[in-house]
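What the coordinates show
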Amino acid sequence: MTTHLDDTQQHDRDVELVIGGMTCASCAARIEKKLNKMPGVTATVNYATEKAKVSFGSDVDPADLVATVEATGYSAILPAPPASDTTGAPAEDAAQRAKDEEAAAWRQRLVVSAVLTVPVLLMSMVPALQFDNWQWLSLTLASPVVVWGALPFHRAAWTNLRHGAATMDTLISVGVGAAYLWSLWALFFTDAGMTGMRMPFDLFPGRSGAEEAHLYLEVAAAVTTFIIAGRYFEAKAKRTSGAALRALLDMGAKDVSVLRDGPQGPAEIRIPVSQLAVGDRFVVRPGEKVATDGRVISGTSAIDAAMLTGESVPVEVAPGDTVVGATVNAGGRLVVEATRVGSDTQLAQMARLVEDAQNGKADVQRLADRVSAVFVPIVIGLALVTLAAWLLTGHSTTAAFTAAVAVLIIACPCALGLATPTALLVGTGRGAQLGILIKGPQILESTRRVDTIVLDKTGTVTTGHMGVSQVHPAQGQPLEQVLAIAGALEDASEHPIGRAIAKHASETGLDLATVQDFTGHGGNGVTGVVGGHAAQAGRRSWLAEQWSLTAPANLVELAESAETEGRTPVWIAWDGSIRAVIVVSDTIKDSSPAAIADLQRLGLRPVLLTGDNERAAREVARQVGIDAEDVIADVLPSDKVDVVKRLQREGAVVAMVGDGVNDAAALAQADLGLAMGTGTDVAIEASDLTLVSGDLRAAPDAIRLARATLGTIKGNLFWAFAYNVAALPLAALGLLNPLIAGAAMAFSSVFVVSNSLRLRRFDPSR
């Protein structure tokens, strides 16, 4: 599968560090580089989530990871041991509080700086407002903005300097500091501080070449305010983009009524969900949430799973059926036995998948990280070259200084660092709300290239619930004996067709005998001894080849008629003769035809893959809108992976949708694996995307969402790259006032964040 990375290092443990003090993408790049230099450590640092995902060997002490981060100039916190709530909600709450506090701090800094900056801007830009000694009032108002407002940038720049590094904060601090210090020098040592001084506003100041008194207080204050505004909107976006993950964690029930044995019999006791253990039985009343994953012991009801799966139709459940935690009981009273609790539940696993995807990096982001890491030193060098070039070509010091400061300020590639993580945060979060779990950012690259989608028939295109529609005994063969032997033989089988036959036999009131020497034959059929009869059940071709059995002509005609209608004949034989044919059928999901049409509109070629006979498969394909030449039938479970490989050899980029254990290898082999969440854990583990509901329409939704997220990332990166490439030469040529440069730089970050937030409005076809 394309998403698997080769890794020669042996990693026994994984940990997620919460990183503090990062202010830009180059900070994340520095931390990542330092951690990856440690022997046996592989790390990925995400600026947007402020977390580091670290894999390391058994010989590495987690405390050393923290020490390495701190030595780089940042803080790191190891995850706390699981508290009472094993879903991870307390840690998530603490992280959210930290984000809220960060946003509040930036907001306070923004409000104060804006109030002080506006008068400075007006006085500097409108000569009519320049009364006597206005420049000294400007200094008084601008100083708190430059010193206190820009303090986070100065502090970060100083920290980085002590560690021999430079980040985007270095550019901001140097640019703002240079503008402010230049103004101080002009006020105290030139005519700029004289009473009656006037300063005209010019988008290209000082280009005349004459030495003139010029202040940059409005540049220092306004650039600081613009950048603070950008950081505030970034902080707000971080709060918003994590909403889906928080919503997932908040969906679970908080307490539960558990049945405990007492002197008067079982009694209900209300306890926190965190105290629930596997095997406990608990009561779910109408309107209550199911506390955890479990199996219904008594009662019937309808379960509303819309919050978890996006499926609007409640599902009927009865004793023996499984239920998922956080779903809502819409009908009667249920008694449920807990089968999975805490971090093992489907809800917790969903939250983990979402967070892992958000913390990862797509290939396109790695390019941005590499650029950010080397960008700052280059820009500082370019600013110095710009200053020297202007001075050497005879321009005024003011003009040279203006161009150099504009280069420093315009170059900050904050938008570059935000382009990928913000889109990933929002896209994966929106997917979780719709019941679409994207396992990692690398998956986005695969969805763009996929052109063929292989659909496993049973459980994916069809409901997967087989039922006996007809029983045709051979001439003179009692129906009751056919059902007794076939039912007993298939009762030992795990195949859906076998289970359907056994269930039908039981429902007729027969007591099924115990089968002896039962053997399954890899999708061809089963054999065993029932009541002294050596019996076989399976395909006619298998009975003919393996056992040299010939079917009666009238049964062959009936079987062929059933096959043309899309149903499956199962041949029953014992004591050396074929005695009956039992016809079973699967029903097509109501959503399948619409889903197939949607996939075709996306430019994908749907291929139906099944172990059923070709006639049955073609009838199903006809009903859902798949071309007959795109039907691959009579495929044994072990051969599914070979079908995917063959399509890949033919040049197709293959997506595979499946739900069973026998689909796991094919899901792993495919370029993009999509597992139905109603399927087995093995299939889900092998896939790249999980569709929590059993609705096939989630497949085109998932592909569309992944493509939309990748498109947003590429759009963000194009904007960020193009902005810096176009703006730097303009600044170096003196065509940008530092004030305008600061505003444009801040706007680029806000644009990238706003563009990413559009993914929250992604509308599914469902």
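Note that the structure is predicted; figures quoted are calculated from it, not measured.

All right, on to the overall build of the protein chain then. A count of helices and strands for the protein chain gives 26 helices and 26 strands. Across the 766 residues that make up the protein chain, the buried fraction comes to 54%. Just so you have it, the protein chain exposes about 31,600 Å², and 57% of that area is on carbon and sulfur atoms.

Structurally, L455 can be placed in strand β15 (residues 452-456). Judged by relative accessible area, which is 0%, L455 ranks as buried. Separated by 153 residues in sequence, L455 and L608 have C-alpha atoms that sit 5.0 Å apart. Among all residues touching L455, those that are not within four sequence positions of it are V461, I596, L599, P606, V607, L608, L609, I626, V657 and L696.

Within the largest apolar cluster, 48 residues are counted, with the highest numbers of intra-cluster contacts made by I453, L455, L674, L689 and L696. Here this core gets nine residues from one element, more than from any other, and that element is helix α25 (residues 698-732).

Quick look at helix α16 (residues 479-490) now. Taking 1.5 Å per residue, 12 residues should reach 16 Å; α16 reaches 16 Å between its end C-alpha atoms and fits that length. Three or more residues of α16 are buried, namely V482, L483, I485, A486, G487, A488, L489 and E490.

It is worth spelling out the sheet that holds strand β8 (residues 293-298) at this point. The strand order across the open sheet formed by six strands is β6-β5-β7-β13-β8-β11, and the pairing between neighbours is antiparallel. Of all strands in the sheet, those bounded by a partner on one side alone are β6 (265-272) and β11 (322-323). Relative to strand β13 (residues 334-340), strand β7 (residues 281-284) runs antiparallel, the two sharing four bridges. Bridging from a neighbouring strand, F282 pairs with V336 of β13.

By the secondary structure assignment, T447 is in helix α14 (residues 442-449). The exposure class of T447 is buried, given its relative accessible area of 0%. In this structure T447 touches L672, A706 and R707, once residues within four positions along its chain are discounted.

What follows is about the UniProt feature "transmembrane region" (unreviewed entry) in the protein chain. The positions that UniProt labels "transmembrane region" (unreviewed entry) are, in the present scheme, residues 110-128, 134-151, 171-193, 213-233, 371-393, 399-426, 717-733 and 739-757. The span residues 110-128 carries 84% helix and 0% strand; its end-to-end C-alpha distance comes to 27 Å. With 94% helix and 0% strand, the stretch residues 717-733 has end C-alpha atoms that lie 25 Å from each other.

It is worth spelling out the pairing of strand β5 (residues 255-262) at this point. Of the strand pairs in this sheet, β5 and β6 are connected by eight bridges, and their pairing is antiparallel. In the sheet register, G262 faces β6, and the bridge partner there is G265. Counting the residues between successive antiparallel strands, the hairpin from β5 to β6 contains two residues. Note: β5 against β7, two bridges, orientation antiparallel. Within the sheet, the bridge partner assigned to V258 lies in β7 and is F282.

It is worth spelling out the environment of L384 at this point. By secondary structure assignment, the location of L384 is in helix α11 (residues 363-392). In this structure L384 comes out as exposed when scored by relative accessible area, which is 56%. It is 9.5 Å that separates the C-alpha atoms of L384 and V405, two residues lying 21 residues apart in sequence.

Now for helix α19 (residues 553-564). Between its first and last C-alpha atoms α19 spans 17 Å; for 12 residues at 1.5 Å apiece the expected length is 16 Å, and the two agree. Residues of α19 that are buried include every one of L555, V556, A559, A562 and E563, and no others. In an axial view of α19, the angular spread of the buried residues amounts to 125°, which keeps them on one side of the axis. Facing away from the buried surface of α19 by more than 90 degrees, the exposed residues are A553 and E557. On its buried face, α19 is in contact with β16 (467-473), α18 (540-547), β20 (568-574), β21 (577-585) and α21 (614-624).

Even without being a glycine, N133 presents a positive backbone phi close to 65°. Assignment of secondary structure puts N133 in the loop between α3 (89-125) and α4 (134-149). On the basis of relative accessible area, N133 is assigned to the partly exposed category, the value being 32%.

In this section: the packing of α19 against α21. Contact geometry of α19 with α21 gives a least axis separation of 7 Å together with a crossing angle of 25°. As far as their axial angle goes, α21 and α19 are roughly parallel. Residues E560, E563 and T564 of α19 form the contact with α21, whose own contacting residues are R615, A616 and E619. Along the lines of polarity and charge, the residues of the contact of α19 with α21 split into one nonpolar, one polar and four charged.

So, on to the environment of A253. For A253, the position within the fold is in the loop between α8 (243-250) and β5. Here A253 falls in the buried class, since its relative accessible area comes to 19%. Setting aside its immediate chain neighbours within four residues, A253 contacts V273, K289, V290 and A291.

Tallied over the full model, the rule gives eight aromatic pairs. A centroid spacing of 5.9 Å and a plane angle of 45° characterise the contact between W182 and W185, whose relative ring orientation is tilted. Of this pair, W182 and W185 both sit in helix α6 (residues 168-189), separated by three residues, roughly a single helical turn. Among the residues examined, W182 registers a relative accessible area of 16% and is labelled buried.

Taken in spatial order, the six strands of this open sheet run β16-β21-β20-β19-β18-β17, and their pairing is antiparallel. Only two strands of the sheet have a single partner each, and these edge strands are β16 and β17 (516-520). Pairs of neighbouring strands in the sheet enclose a mean axial angle of 15°, with direction left out of account. Two strands pair when backbone bridges link them, and strand β18 (residues 525-530) and strand β19 (residues 533-538) are joined in this way by six bridges, in the antiparallel orientation. Considered in β19, the bridge of V530 is made with H533. Its contacts with the sheet place helix α17 (residues 496-507) against β16, β20 and β21, and it is angled at close to 70° to β16.

Turning our attention to a nonpolar patch on the surface. A cluster of nonpolar side chains, namely V118, L122, M125, V126 and L129, defines an oily patch on the protein surface of about 380 Å² accessible area. Here V118 shows up in helix α3.

Moving on: the pattern of salt bridges. Under the defined criterion, the tally for this structure stands at 21 salt bridges. Between R270 and D255 there is a salt bridge, with its nearest N and O atoms 3.0 Å apart. Of this pair, R270 sits in strand β6 while D255 sits in strand β5, and the two are 15 residues apart along the sequence. Taking the shortest distance from any N to any O, the salt bridge between D630 and R605 comes out at 2.9 Å. With D630 in the loop between α21 and β23 (631-632) and R605 in strand β22 (residues 605-609), this residue pair connects regions lying 25 residues apart in the sequence. The class for R605 is partly exposed, based on a relative accessible area of 34%. One network of salt bridges, with partners in common, ties together D598, R601, D701 and R704.

Okay, the packing of α4 against α6 next. α6 packs onto α4 with a crossing angle of 150° between their chain directions and a minimal axis gap of 12 Å. Overall, the two elements α4 and α6 adopt an arrangement that is roughly antiparallel. As for the relative orientation of α4 and α6, their crossing is left-handed in sense. Residue-level inspection shows Q135, W136, L139, S143 and V146 of α4 in contact with α6, the latter providing V176, Y180, L184, L187 and F188. Counted by class, the contact of α4 with α6 contains eight nonpolar, two polar and no charged residues.

Rules behind the numbers
Residues numbered from 1 in each chain as written. Predicted model: local features only at pLDDT ≥ 70, side-chain atom pairs only at ≥ 80, totals over all residues. Heavy atoms only, no water. Helix = DSSP H or I, 4+ residues; strand = E, 2+ residues; numbered from the N terminus. Buried < 20%, exposed > 50% of the residue type's maximum accessible area, 1.4 Å probe, protein only. Areas by Shrake-Rupley, 256 points an atom, 1.4 Å probe, with all protein chains shown as cover. Contact = heavy atoms within 4.5 Å. Core = buried A, V, L, I, M, F, W, Y, C linked by side-chain atoms within 4.5 Å. Expected span 1.5 Å × (residues − 1). Pairing = 2+ DSSP bridges. UniProt positions renumbered as here; feature names shortened; annotations may be inferred. Arc of directions from axis to C-beta. Axes fitted to C-alpha atoms, helices over the stretch in contact; angles between N-to-C directions. Parallel < 35°, antiparallel > 145°, perpendicular 65-115°, else oblique. Nonpolar A, V, L, I, M, F, W, Y, C, P; charged D, E, K, R; others polar. Phe/Tyr/Trp six-rings, centres within 6.5 Å; stacked < 30°, edge-to-face > 60°. Patch = residues over 30% accessible without salt bridge, like charges linked within 9 Å, V, L, I, M, F, W, Y side chains within 5 Å. Salt bridge = Lys/Arg side-chain N within 4 Å of Asp/Glu carboxyl O. Left-handed = near helix turned anticlockwise from the far one by under 90°.

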